[in-house]
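Summary of the model geometry
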Amino acid sequence: MAGSMKDIKLRIKSVESTMQITKAMELVASSKMRRAKERVEHSRPYFETLYASLTKIAAADPRARNPYLRRDEIKRTLLIVIAGDRGLAGGYNANIFKQADAHEGPVTVLPIGKRAAEHFAQHGAELFTQEVLLAADISVGECFQLSRSITEAF
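A brief look at the structure comes next. (Residues numbered from 1 in each chain as written. Predicted model: local features only at pLDDT ≥ 70, side-chain atom pairs only at ≥ 80, totals over all residues. Heavy atoms only, no water.)

**Remarks on a nonpolar patch on the surface**
On the surface, Met5, Ile8 and Ile12 cluster together into a nonpolar patch covering about 280 Å² of accessible area. Mapped onto the fold, Ile12 is located in helix H1 (residues 2-60). (Patch = residues over 30% accessible without salt bridge, like charges linked within 9 Å, V, L, I, M, F, W, Y side chains within 5 Å. Areas by Shrake-Rupley, 256 points an atom, 1.4 Å probe, with all protein chains shown as cover. Salt bridge = Lys/Arg side-chain N within 4 Å of Asp/Glu carboxyl O. Helix = DSSP H or I, 4+ residues; strand = E, 2+ residues; numbered from the N terminus.)

Here it is as structure tokens:
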């Protein structure tokens, strides 16, 4: 019985230690999130000024034939879904997948990351390319190559 009691005490100590580490990770993550949110809020006036300036420039010449300024009918939507493959990303991934699945209309998905590729393959979503299922992860360089293909396709 003493051996099992010792095992139970060790297990309790291990769980308490894990709880302490998890709490510290949560505090660090919330601190980083708060700082990122503050940076976004501080950049808002710059965005609004830039948006207003670009809108005025675009409206100044109605003959402009720039394809980025045209308002075409939306035929298909491409969702680029970036999922977390490491750490405590379960809640993040669940929310991202829920938002992607809720999108209406014809949708093509470009999953970035192993979890995203697996999720959309299992749910039968139309993938931008089947090659993402072969890769465990996609590097930043490959994303730039895919972005060229995206602009040609849409």
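**As for the pattern of salt bridges**
One pass over the full model with this rule turns up three salt bridges. Among the ionic pairs, Glu48 bridges to Arg44, the shortest N-O distance being 3.4 Å. Taken as a pair, Glu48 and Arg44 lie in helix H1 at a separation of four residues, close to a single helical turn. Exposure remark for Arg44: the relative accessible area of 47% places this residue in the partly exposed category. (Buried < 20%, exposed > 50% of the residue type's maximum accessible area, 1.4 Å probe, protein only.)

**Thoughts on the packing of aromatic side chains**
Evaluation of the coordinates by the stated rule reveals two aromatic pairs. Aromatic pair Phe47 and Tyr51: ring centres 6.0 Å apart, planes at 25°, arrangement stacked. Here the residue Phe47 and the residue Tyr51 both occupy positions in helix H1, the gap between them amounting to four residues, near one helical turn. On the basis of relative accessibility, which here comes to 54%, the residue Tyr51 falls in the exposed class. Relative to Phe120, the ring of Phe97 has its centre 5.7 Å away and its plane inclined at 85°; by these criteria the two rings are edge-to-face. In this pair, Phe97 is assigned in helix H2 (residues 90-102) and Phe120 in helix H3 (residues 114-122), connecting sequence segments 23 residues apart. Among the residues examined, Phe97 registers a relative accessible area of 10% and is labelled buried. (Phe/Tyr/Trp six-rings, centres within 6.5 Å; stacked < 30°, edge-to-face > 60°.)

**Some details on the pairing of strand S1 (residues 77-82)**
Relative to strand S2 (residues 107-112), S1 runs parallel, the two sharing six bridges. Across the sheet, the residue bridging to Leu79 is Val109, located in S2. Handedness of the crossover is the feature at issue here: the chain leaves S1, passes through H2, returns alongside S2, and the resulting connection is right-handed. (Pairing = 2+ DSSP bridges. Right-handed = clockwise from strand over helix to strand, strands pointing away.)

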